[in-house]
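What the coordinates show
Here are the chains, one letter per residue:
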Amino acid sequence: MADFDLAIVGGGINGAGIARDAAGRGLRVLLVEQNDLASGTSSASTKLIHGGLRYLEQGWFRLVREALIEREVMLRMAPHLIRPMRFVLPAEPGLRPAWMLRLGLFVYDHLGGRKILPPTRTIALADDPLGTPLKRRYERGFEYSDCWADDARLVVVSALDAAERGATIRTRTRCIRAERGAEWRLVLDVRGRRDLATARVLVNATGPWLKLFAQNVLRDTTPLPARLDEGSHIVVRRLFDHDRGYIVQTRDGRFVFALPFEQDFTLIGTTDRSFAGDPSGIQPSADEIAYLCDVANQHFRATIGPADVVWSFAGVRALHDDGSRKAQDVTRDYLLALDERDGEAPLLTVYGGKITTYRRLAEQALDRLAHIVAGGPAWTRESHLPGGEFPYNGFETLVNRTRKSRPFLSEQHARRLVATYGTRVERVLGPARRLEDLGPCLGADLMGAEVRYLMEREWAQTEDDVLWRRTKLGLRFSLEERERLAKFMAATVGHGTGA
Ligand SMILES: Cc1cc2nc3c(=O)[nH]c(=O)nc-3n(C[C@H](O)[C@H](O)[C@H](O)COP(=O)(O)OP(=O)(O)OC[C@H]3O[C@@H](n4cnc5c(N)ncnc54)[C@H](O)[C@@H]3O)c2cc1C
């Protein structure tokens with residue numbers, strides 16, 4: 001008998017989502033990730049849980065509708081990691097006219113069974129405080145609803161839920177060969193050490209590595225219909241001091257987002273450039289950074305340049321190639337390709353997908369596989385991710401409860417912990433009654449107990465895992481603090497139970 005029903009390669013949002021769904025249906029699941037969870041595209045998104053307003057222009061109504069419906073499902077599933085956000089869309093003289101934007105937003109408001117999020121309103125930008133950070137030329141704009149998410153943590157808690165439901169999650173484990181027979185035989189490279197695993201079904205959830213995985217690991221010479229699309233983001237000191245995001249139109253037909261980020265910063269980003277090659281270690285180019293600064297300067301009163309960029313990241317997604325010429329015209333819909341052959345174990349390949357629709361994608365993947373590896377019925381729609389077991393509007397209550405039980409936490413510290421761990425904040429804090437009980441302060445408000453929790457429960461192994469994917473404290477850490485964290489983590493290895 002094979003070791004696992006399902007072996008999933010790729011610990012991004014899609015792999016973690018499929019692992020979670022499958023484990024919850026009672027299947028024996030293995031997930032392997034060559035690096036850290038969410039180290040690929042799933043920590044480099046714009047972090048929106050959205051229908052994708054601009055996809056309406058392309059006529060992708062089914063995709064937009066599904067994503068709009070998912071917004072509120074996701075908000076209930078992980079209210080600590082996802083929060084409603086209002087977006088300001090200024091009408092730009094000479095570009096899409098205001099009536100067209102209003103019409104699009106009317107459809108957006110009504111297409112997806114919105115119950116929680118407030119509808120669109122028109123704003124007179126010349127008089128409204130929301131117009132203050134913008135250049136003076138704007139008269140009219142719209143404010144509409146979507147949600148914002150901590151993308152990397154969504155991956156980690158999905159993997160955590162999968163593990164708690166019995167899945168085996170192996171990070172820093174690269175699948176280097178997959179031999180297809182009556183079952184799959186996988187050769188794994190665990191930091192130079194070889195390991196083997198067998199499975200009845202293999203899922204290629206390697207995102208932008210999809211083609212490379214097919215060529216080099218599956219040794220499949222048939223070209224896959226996938227196309228890579230790149231996007232870049234920069235983080236600068238905040239351009240405005242409220243909690244709304246801005247979405248601005250550019251002369252080259254793109255939309256650029258400027259979002260409030262980690263209290264003191266603004267995240268500026270866009271997508272839609274064709275990409276070729278290996279997506280490992282991709283960074284925004286100097287041109288892309290200059291472009292984003294330029295767009296910000298065209299729309300906001302504050303002036304920024306590359307020297308103001310405190311952090312930047314780029315991501316690549318694999319889209320199903322439908323023959324479109326321009327990157328922005330290629331469908332953002334996901335596609336699940338099931339390859340079944342007589343006497344050979346099946347292969348499921350995941351194309352595309354969004355953070356927003358990962359739960360649905362996973363549900364559909366398991367439904368597609370139901371005749372091969374029968375498990376329980378779909379179950380995730382009404383579920384909560386670990387830490388998300390509280391009402392979607394209960395964040396403040398949970399912060400207050402946490403501060404009451406742990407009066408030694410500052411308001412900001414309590415907020416960060418609740419926004420990161422939700423109800424699991426209690427597990428992070430353990431029996432601590434005083435701040436000193438949490439161990440040494442390693443920088444910002446990161447205490448030893450939190451790092452230990454991340455290493456023991458959430459597969460954190462390096463400083464980057466802690467500072468950029470489990471938290472965003474990298475924005476607040478000095479080089480010395482980083483070194484102190486590295487030493488603390490090195491000393492902690494071996495004391496933990498391992499996740
Ligand atoms: C710039 C940009 C912005 C985006 N913004 C949004 C947004 O705002 N909202 C939204 O809903 N969606 C957004 N998306 C889409 C979304 O981010 C992606 O579709 C999603 O993250 C893809 O997840 P994935 O799991 O398929 O791939 P990834 O997250 O890249 O995961 C694939 C994983 O496979 C691993 N892997 C590869 N080969 C191997 C191997 N041989 N062995 C083991 N592991 C391997 C990699 O290390 C990687 O971690 C955006 C995409 C981009 C590019």
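Rules and cut-offs
Residues numbered from 1 in each chain as written. Predicted model: local features only at pLDDT ≥ 70, side-chain atom pairs only at ≥ 80, totals over all residues. Heavy atoms only, no water. Helix = DSSP H or I, 4+ residues; strand = E, 2+ residues; numbered from the N terminus. Contact = heavy atoms within 4.5 Å. Areas by Shrake-Rupley, 256 points an atom, 1.4 Å probe, with all protein chains shown as cover. Lys, Arg positive; Asp, Glu negative; His and termini not counted. Charge placed at Lys NZ, Arg CZ, Asp CG, Glu CD. Buried < 20%, exposed > 50% of the residue type's maximum accessible area, 1.4 Å probe, protein only. Salt bridge = Lys/Arg side-chain N within 4 Å of Asp/Glu carboxyl O. Polar contact = N/O pair within 3.5 Å; in protein donor to acceptor, adjacent residues only side chain to side chain. Near = heavy atom within 4 Å.

The subject of this paragraph is the overall build of the chain. Helix and strand counts for the chain stand at 13 helices and 19 strands. Its C-alpha atoms give the chain principal-axis dimensions of roughly 70 × 60 × 40 Å. Taking the intrachain contacts of the chain between residues at least 6 apart in sequence as the baseline, contacts between residues at least 24 apart amount to 72%. Of the accessible surface of the chain, which amounts to about 20400 Å², a share of 50% is contributed by carbon and sulfur atoms. The chain carries 71 positive and 65 negative side-chain charges, and their two centres are separated by 2 Å.

This brings us to helix α11 (residues 448-457). Burial analysis of α11 places seven of its 10 residues in the buried class, which makes it a mostly covered element. Every buried residue of α11 is accounted for by Gly448, Ala449, Glu450, Val451, Tyr453, Leu454 and Met455. Immediately downstream of α11, the backbone of tryptophan 459 shows phi near 65°, a positive value.

Positive phi, close to 60°, is recorded for alanine 38, a residue that is not glycine. Structurally, alanine 38 can be placed in the loop between β2 (29-32) and β3 (48-49). Accessibility expressed as a relative area gives 0% for alanine 38, which makes it buried. Even without being glycine, alanine 444 reaches a positive phi, approximately 45°.

By secondary structure assignment, the location of aspartate 36 is in the loop between β2 and β3. In this structure, aspartate 36 is in contact with Arg172, Trp459, Asp465, Arg469 and Arg470, ignoring residues within four places of it in sequence.

Attention now goes to the pattern of salt bridges. Side-chain pairs of opposite charge can arise whenever the charged atoms involved come near each other. In total, this model carries 50 salt bridges according to the counting rule given. The structure contains a network of salt bridges with shared partners spanning Arg62, Glu66, Glu70, Asp333, Arg359, Arg360 and Glu363.

This paragraph deals with the side chain of arginine 153. For arginine 153, the position within the fold is in helix α4 (residues 151-164). By relative accessible area, arginine 153 is classed as buried at 1%. A polar contact of 3.1 Å, which involves the side chain of arginine 153, links it to the backbone oxygen of arginine 470. Setting aside residues up to four positions removed in sequence, arginine 153 forms contacts with Leu81, Thr420, Tyr421, Leu454, Glu458, Arg469 and Arg470.

The subject of this paragraph is the site of the ligand. As a matter of local geometry, the ligand sits amid 38 residues, with Glu33, Ser42, Leu48, Gly353 and Thr356 nearest to it. The separation between an oxygen atom of the ligand and a polar main-chain atom of threonine 41 is 2.9 Å. One of the backbone nitrogen or oxygen atoms of isoleucine 355 is found 2.9 Å away from an oxygen atom of the ligand. In isolation the ligand has 1000 Å² of accessible area, and contact with the protein removes 97% of it. Residue assignment for the shell around the ligand shows that the elements contributing at least two residues are α1 (13-24), β8 (174-180), β11 (226-237) and β15 (309-320). Considering each element in turn, the shell around the ligand owes the most residues, three residues, to β15.

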